[in-house]
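# Summary of the model geometry
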Amino acid sequence: MANLSPLSAASLEYPGSSSLHVTAPPRLSPRTLGLLPRSVARPGFDVAALRPGILHLGCGAFHRAHQAVFTQRALQASNAAEPEPWGIIAASLRKPDMRDALRPQHGLYTVLERGAEGVQAEVIGTVREVLYAPEEHAAMAARFLDPDIHIVTLTVTSAAYCIDATTGRLCAAHPDIQRDLHGATPQSAIGVLVAGLAQVRQAGLRPPVVMSCDNLAGNGRVLRQAAMDYAALRDDSLAEWIGTSVQFPCSMVDRIVPAATEVDQADAAAMLGLHDAAPVSAEPFRQWVIETFEGPRPRWEEAGAEFVPDVAPWEASKLRLLNGTHMAIAYLGALSGFRTVAEFVADPAFGSYALRFMLREQMPTMPPSDHDITAYAHQLLRRWRNPGIVHQLTRVGRNGSEKLQTRLLASLCENRHAGRPAPCTTLAVAAWICCASGRTGQAGPVQMEDPLDQHLKAIGQAAGDDAARLTDLALGVEQAFGTELPNCAAFRADLTQAVRALQRGGARAAVMRLTA
């Protein structure tokens, strides 16, 4: 990482008098783009002339460091006198913070690409408008009805799809869905999407292509089914129209984007000489694989995206190797006192565990493809060791009860059915139980967000120091474990043994026994 000293949001001036005056630097905006130093990349097109063509739900850090960057690269590759009409209207669904930060900057912000060799800064200009959907219903309706909006994308996290883990369908009893059904206007991501599509249908317009960019296997198919299920709660004909008229291509996205910090703002100010209220950090690597679809779109392939008939092989690589291993790293790392992913994989014993987990237990469950999985696993380790990316384990491991089945238990089931041992996966699941229940043994308390936090902590209180009872109670949480594995006596015994090993000897001793 570059040697950037922390900077406040102010510069000091020393006038002739002895008094000290503090003057804030100018705010990043189209008007101040010309003040940027030559070392900072900026939009290679007229930002003011960029017309919107994409509506995005979920204006978080990942979208701004991934799809918005791909779109900027695609626009710059065209070399047209006037930029193609692929500006982004980004709608926040949960908080107004991003709207309030980006509006004064006319949508401009900085991506700090943090690599092992240092930091590169680029100002992104593809986000042309930011809305806060819960407060700006008329504006959202107008954007859905704009015939120039050809694509709607989403990065709202897997939890926001309100899917029942057992059925794979929309959970009508989900609190967010129930709030929508009893409120004046929808607040959930699925509700906002379906309401917008209903307006498009009523106006007789061609519907936009709707693309999920969240970490879900078959995310396009999942989103299509969730939208149809939601629509059917009120209008069967709308559900049928969505199913037959709207394209939902699958996509696989990959880039490590840590949560923004005050350090990002300080580094952005130091590199730009301007104040940016919404910078975001990311690793140099970025990947986007998109299922082919019909209709106009940016030339994302010019920016490195891949259009393929089936994204399943790429999804499997990402979900099993990257996301699955991330979960194992988060819980075992937290029990070992690590703070970040980089600290975990830099430790020889834990780095060996991560590689063994990927190659011996996750790779055998991958579908046949031309992917070099071994090379991909080693590439992941190199990416995770990047000292410039501070990826907090508490962030990686949050909402574990909602991710456990897709990222760890699915591969574990496949291995057991094939007669293959999966001790690394079992240990990772045991680590989640210890972290989530608060029964961490020799380790200190671990704080990770989870929708079942109170229930899981109550299980820990009820089990006390009894590893077998803790395991039995945890396996009874159907939202996390489903129904198959809890009925497997051999798995129950292996999991109990792993929980006991973690509580009595700690994560390092348990990992070293596996990798010896």
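First, a word on scope: everything that follows refers to the structure included in this document. (Residues numbered from 1 in each chain as written. Predicted model: local features only at pLDDT ≥ 70, side-chain atom pairs only at ≥ 80, totals over all residues. Heavy atoms only, no water.)

Below, the discussion takes up the overall build of the chain. Scanning the chain for helices and strands turns up 21 helices and 13 strands. For the chain, whose C-alpha radius of gyration is 24 Å, the value lies close to the compact-globule estimate of 24 Å for 516 residues. Its C-alpha atoms give the chain principal-axis dimensions of about 70 × 65 × 45 Å. Intrachain contacts of the chain at a sequence separation of at least 6 include 77% that bridge at least 24 residues. As presented, the chain carries roughly 21600 Å² of accessible surface, and 51% of it is formed by carbon and sulfur atoms. Separation between the mean location of the 47 positive side-chain charges and that of the 51 negative ones in the chain comes to 4 Å. (Helix = DSSP H or I, 4+ residues; strand = E, 2+ residues; numbered from the N terminus. Rg over C-alpha atoms; globule rule 2.2 N^0.38 Å. Contact = heavy atoms within 4.5 Å. Areas by Shrake-Rupley, 256 points an atom, 1.4 Å probe, with all protein chains shown as cover. Lys, Arg positive; Asp, Glu negative; His and termini not counted. Charge placed at Lys NZ, Arg CZ, Asp CG, Glu CD.)

Here we come to the environment of Cys 424. Its place among the elements puts Cys 424 in helix H16 (residues 423–437). As for Cys 424 and Arg 356, which are separated by 68 residues in sequence, their C-alpha atoms are 7.8 Å apart. Ignoring anything within four residues of it in the chain, the contact list for Cys 424 reads Tyr 353, Arg 356, Phe 357, Glu 361 and Leu 514.

Its identity is not glycine, yet His 106 carries a phi of approximately 55°, on the positive side. You can see His 106 is positioned in the loop between helix H3 (97–102) and strand E5 (109–115). Assessed through its relative accessible area of 46%, His 106 is described here as partly exposed. You will see that Asn 399, though not glycine, has its phi angle at about 55°, which is positive. (Buried < 20%, exposed > 50% of the residue type's maximum accessible area, 1.4 Å probe, protein only.)

Below, the discussion takes up the sheet that holds strand E4 (residues 87–92). An order of E7-E4-E3-E8-E9 is seen for the 5 strands of this open sheet, with the pairing classed as parallel. Each edge of the open sheet carries a strand with a single partner, namely strand E7 (127–132) and strand E9 (209–212). The sheet shows a mean angle of 20° between the axes of neighbouring strands, direction not considered. Here strand E3 (residues 52–57) runs beside E4; their pairing, made up of 5 bridges, is parallel. When the bridges of E4 are listed, Ile 54 appears paired with Ile 88. Here helix H4 (residues 137–145) sits on the sheet and contacts E3, E4, E7 and strand E8 (151–154); the angle it forms with E7, its principal contact strand, is near 135°. (Pairing = 2+ DSSP bridges. Axes fitted to C-alpha atoms, helices over the stretch in contact; angles between N-to-C directions.)

With that out of the way, let us pick up the sheet that holds strand E12 (residues 287–291). Taken in spatial order, the 3 strands line up as E10-E12-E13 in an open sheet, and their pairing is mixed. Only two strands of the sheet have a single partner each, and these edge strands are strand E10 (251–254) and strand E13 (306–308). Averaged over all adjacent pairs, the angle separating strand axes in this sheet is 15°, with direction ignored. Docked against the sheet, helix H10 (residues 312–335) engages E10, E12 and E13, running at close to 40° with respect to E10.

Within the structure shown, the criterion is met by 8 aromatic pairs. Taken together through their ring pairs, the aromatic side chains of Phe 70, Trp 288 and Trp 300 make up a single cluster. Sitting over the ring of Tyr 109, Arg 64 keeps its end group 4.8 Å from the ring centre. One Lys or Arg, Arg 286, reaches over the ring of Phe 70 and ends 4.6 Å from the middle of that ring. (Phe/Tyr/Trp six-rings, centres within 6.5 Å; stacked < 30°, edge-to-face > 60°. Lys NZ or Arg CZ within 6 Å of the ring centre and 35° of its normal.)

Let us now look at the pairing of E8. Alternating positions in E8 separate into two faces, Ile 151 and Thr 153 on one and Val 152 and Leu 154 on the other, with burial throughout. Across 4 bridges, the pairing between E3 and E8 is parallel. Counted as the bridge partner of His 56 is Thr 153 from E8. Relative to E9, E8 is paired through 4 bridges, and the arrangement is parallel. Bridge pairing links Thr 153 to Met 211 in E9.

The next thing to look at is the pattern of salt bridges. Inspection of the entire model under this criterion finds 24 salt bridges. Between Glu 129 and Arg 143 there is a salt bridge, and its shortest N-O distance comes to 2.7 Å. With a gap of 14 residues between them, Glu 129 in strand E7 and Arg 143 in helix H4 connect regions that are remote in the sequence. For Asp 472, the salt bridge is made with Arg 492, and the minimal N-O distance between the two is 2.6 Å. Taken as a pair, Asp 472 in helix H18 (residues 467–475) and Arg 492 in helix H20 (residues 489–505) lie far apart in primary sequence, 20 residues in all. Look at Arg 492 and you get partly exposed, because its relative accessible area is 25%. One connected set of salt bridges, linked through shared partners, spans Arg 99, Asp 100, Arg 103, Glu 135 and Glu 136. (Salt bridge = Lys/Arg side-chain N within 4 Å of Asp/Glu carboxyl O.)

Looking now at the nonpolar core. Counting 72 residues, the largest nonpolar core has Tyr 353, Trp 384, Phe 481 and Leu 502 as the members making the most contacts within it. Once residues lying within four places of it in the same chain are set aside, the contact partners of Phe 481 are Leu 404, Gln 405, Leu 409, Val 429, Trp 432, Ile 433, Ala 474, Leu 475 and Pro 486. Ile 54, Ala 101, Ala 121 and Val 127 belong to the second largest nonpolar core, which has 51 residues in total. (Core = buried A, V, L, I, M, F, W, Y, C linked by side-chain atoms within 4.5 Å.)

Function cannot be read off these values alone, since they describe shape.
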